[in-house]
Amino acid sequence: RVDRPAVGSGQGGSVTIDGVAGRFRLATGGAGPFTITNNRVLSAASIVLLMPRSINATTTRVVATAGVGSFSVTLDAAPTVTDLDVDFIVINPAT
């Protein structure tokens, strides 16, 4: 069962979203890294899948790096769209 997706209330960078799945918004003007604080990310071995929801001419790669209690998001280039919405899902390996 996947909980209802949580949506970050902030824009343009770091937010807190405590959910297995959710959406955050990155504003134009930077490629990161941005930090998403999330209590469902249990370790650096957690897998965070990212799915951009906006078409963007410059940003072609969005990468997540997991840590304990958060993950960082880095883009290969600053987005040219007004706001870049990104969906995510967190998968934790069995212990």
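Structural data are supplied above this passage.
Position numbers for residues start from 1 in each chain and track the written sequence from start to end. The model is predicted, so local features are restricted to residues of pLDDT at least 70 and side-chain atom pairs to those at 80 or more, both for listing and for counting; the totals for chains, interfaces and linings are taken over all residues. For side-chain calculations, the full set of non-hydrogen atoms in the structure is used, while hydrogens and water are omitted.

**Comments concerning the pattern of salt bridges**
Phase 1: What counts as a salt bridge is simple: a side-chain nitrogen of Lys or Arg found within 4 Å of a carboxyl oxygen of Asp or Glu. Per the stated rule, a full pass over the model turns up three salt bridges.
Phase 2: Taking the shortest distance from any N to any O, the salt bridge between Asp87 and Arg23 comes out at 2.6 Å. Separated by 64 residues along the polypeptide, Asp87 in strand E8 (residues 83–91) and Arg23 in strand E3 (residues 21–27) bring together distant segments of the chain.
Phase 3: A simple rule labels every residue: compare its accessible area, found with a 1.4 Å probe on the protein chains alone, to the largest value its type can have, and call it buried under 20%, exposed over 50%, or partly exposed in between. Overall, the relative accessible area of 15% leaves Asp87 in the buried class.
Phase 4: Here Arg23 falls in the partly exposed class, since its relative accessible area comes to 30%.
Phase 5: Where Arg25 meets Asp85, a salt bridge forms, and the shortest distance between an N and an O atom there is 2.7 Å. Note that Arg25 is positioned in strand E3 and Asp85 in strand E8, a separation of 60 residues in sequence.
Phase 6: Under the relative-accessibility criterion, Arg25 is labelled partly exposed at 30%.
Phase 7: In this structure, a network of salt bridges that share partners links the residues Arg23, Arg53 and Asp87. Labels follow the DSSP assignment, with helices taken as runs of H or I lasting at least four residues and strands as runs of E lasting at least two, numbered in each case from the N terminus.

**What about the packing of aromatic side chains?**
Phase 1: When two rings of Phe, Tyr or Trp (its six-membered ring) have centres within 6.5 Å they constitute a pair, described as stacked for plane angles under 30 degrees, edge-to-face for angles over 60, and tilted for the intermediate range. In total, this model carries three aromatic pairs according to the counting rule given.
Phase 2: The interplanar angle of 35° and the centroid separation of 6.2 Å between the aromatic rings of Phe24 and Phe88 together place this pair among those described as tilted. With a gap of 64 residues between them, Phe24 in strand E3 and Phe88 in strand E8 connect regions that are remote in the sequence.
Phase 3: Relative accessible area serves as the criterion here: at 1%, Phe24 is assigned to the buried category.
Phase 4: On the basis of relative accessible area, Phe88 is assigned to the buried category, the value being 2%.
Phase 5: Grouping aromatic residues by their ring pairs yields a cluster made of Phe24, Phe71 and Phe88.

**Quick look at the sheet that holds strand E4 (residues 34–37)**
Phase 1: The rule for pairing is simple: two strands pair if DSSP sees at least two bridges between them. Strand order across the open sheet formed by four strands is E2-E4-E7-E6, with mixed pairing between neighbours. Whereas interior strands pair on both sides, the edge strands pair on one side only; in this sheet they are strand E2 (15–16) and strand E6 (62–67).

**Quick look at the nonpolar core**
Phase 1: Buried Ala, Val, Leu, Ile, Met, Phe, Trp, Tyr and Cys residues form a nonpolar core when they are joined through side-chain atoms within 4.5 Å. Counting residues in each nonpolar core, the largest one holds 18 residues, and the members touching the most others are Phe24, Leu26, Leu50, Phe71, Val73 and Phe88.
Phase 2: Sorting the residues of this core by element identifies E3, E4, strand E5 (47–52), E6, strand E7 (70–75) and E8 as the ones contributing at least two each.
Phase 3: Apart from residues no more than four positions distant in its own chain, Phe71 is found in contact with Phe24, Phe34, Thr35, Ile36, Asn38, Val41, Val48, Leu50, Ala64, Thr65, Ala66 and Phe88. Residue contacts follow a heavy-atom distance rule, with two residues in contact if any of their heavy atoms lie within 4.5 Å.

This is a description of form; function is not addressed.
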